[in-house]
Amino acid sequence: MRVLEGQTVSPPPLWLMRQAGRYLPEYRATRAVAGSFLDLCYTPELATEVTLQPIRRYGFDAAILFSDILVIPDGLKRNVRFLEGHGPAMDPIDEDGIAALDPEPVLAHLAPVMEAVGRIRASLPAETTLLGFCGAPWTVATYMIAGHGTPDQAPARLFAYRHPESFARLLDLLADVSADYLVAQIDAGADAVQIFDSWAGVLGEAEFERFAIRPVKRMIDSIRARRPQARIIAFAKGAGLMLKRYRQKTGADAIGLDWTVPLDFARELQKDGPVQGNLDPMRVVAGGAALEEGVDAILQGLGSGPLIFNLGHGITPQADPATVARLVERVRGSAA
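In this report, we go over the structure that sits alongside the text.

Criteria and cut-off values
- Residues numbered from 1 in each chain as written.
- Predicted model: local features only at pLDDT ≥ 70, side-chain atom pairs only at ≥ 80, totals over all residues.
- Heavy atoms only, no water.
- 1 Å grid on protein atoms, 1.4 Å probe; cavity = no way out; pocket = protein on both sides within 12 Å on 5 of 7 lines; lining within 4 Å.
- Points joined across faces, edges and corners; volume = space filled by probe spheres on them.
- Nonpolar A, V, L, I, M, F, W, Y, C, P; charged D, E, K, R; others polar.
- Buried < 20%, exposed > 50% of the residue type's maximum accessible area, 1.4 Å probe, protein only.
- Helix = DSSP H or I, 4+ residues; strand = E, 2+ residues; numbered from the N terminus.
- Pairing = 2+ DSSP bridges.
- Right-handed = clockwise from strand over helix to strand, strands pointing away.
- Axes fitted to C-alpha atoms, helices over the stretch in contact; angles between N-to-C directions.
- Parallel < 35°, antiparallel > 145°, perpendicular 65-115°, else oblique.
- Contact = heavy atoms within 4.5 Å.

Next up on the list: the layout of surface pockets. There is about 1,400 Å³ of room inside the largest pocket. Around the largest pocket, the lining comprises 38 residues; the ones closest to its centre are Arg18, Arg22, Phe37, Asp68 and Phe82. Space inside the second largest pocket adds up to approximately 290 Å³. Met1, Arg2, Pro13, Asp61 and Thr129 are the residues nearest the centre of the second largest pocket, which is lined by 17 residues in total. Looking at the lining of the second largest pocket residue by residue, the classes come out as 12 nonpolar, 2 polar and 3 charged.

This part is about the pairing of strand β6 (residues 232-236). Within β6, 5 of the 5 residues are buried, which leaves the element mostly enclosed by the surrounding structure. Neither face of β6 is left uncovered, since the one carrying Ile232, Ala234 and Ala236 and the one carrying Ile233 and Phe235 both have all their residues buried. Note that strand β5 (residues 192-197) and β6 share 5 bridges and pair parallel. Bridge pairing in β6 links Phe196 to Phe235. Of the crossover connections in this fold, the one passing from β5 over helix α11 (residues 205-226) to the parallel β6 is right-handed. The handedness of the β6 to strand β7 (residues 254-256) crossover, carried by helix α12 (residues 243-250), is right-handed.

It is worth spelling out the packing of helix α9 (residues 154-162) against helix α10 (residues 164-188) at this point. Between α9 and α10, whose axes approach to 5 Å, the crossing angle comes to 120 degrees. By the angle between their directions, the pair α9 and α10 is classed as oblique. Contacts from Ala156, Phe159, Ala160, Tyr161 and Arg162 in α9 reach Pro164, Ser166 and Phe167 in α10. Its residues assigned to classes, the contact of α9 with α10 shows 6 nonpolar, 1 polar and 1 charged.

Dropping the structure here:
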């Protein structure tokens, strides 16, 4: 939280995207008990347990709510399901489907998530930050239109060109309901929130402005109008040079960096405020010198400014828990 206010802390605070996940044996055991993935997300006791597991094991400086970005379309009755070996799927949406969307029941549908937030906050050490999150409108919309993930989100890009008014309506609706969702998480006990735009990198310059920047700015303006002290991290994966205007125009407190962002450019971004990132998740899988060199480069390049140490995307199931422990040790041994 101090870094989100613009302070430089040494060693920097540390958490990992997807830190509660399949690389941990205790997560796999809980997942087996839950039944479906959505049941795990919607059962407060189990969502609390898996959120706390990496905190118990590693003592990360932040816990992130265990949930999924697709609970929003699930609340919009898009028949979301998670297929083993294939990932998420839902009923693809068209213009008529967009016109018929009703956001009114979404927060009631997500009440178990807010219960989990309260349970997690009550169970965490006082000094450990609790992060809530949601998907950014563009990324959520890509899944809603295709009905599943695709390599380059061509279905959503094509739909946006062919049906601009309908697509704009979808983004606005997602921005508004997602802002309500994050406010509810803050009220339930989240200390800060992160907006994940995992597919921002497939957008051209003009499309990035319309589909990534504007909806996230709409969200942040809405959240701040109601909760002025809210701290917000925005992560636009693959945005590259457009991250500078992304920070300036969205008003996010901190910008998440994927592992392709050069450290000299990251230092330029850091002059305008906190950054978060950006170790390649494959360095965690590789371990050894690859891990240590990557950690050291980030600490040397960004450690003299406001930095939240993280990966450049989510930790993968292939990561060895012992290597994650070594990562934590390396970061925390870096105090000036």
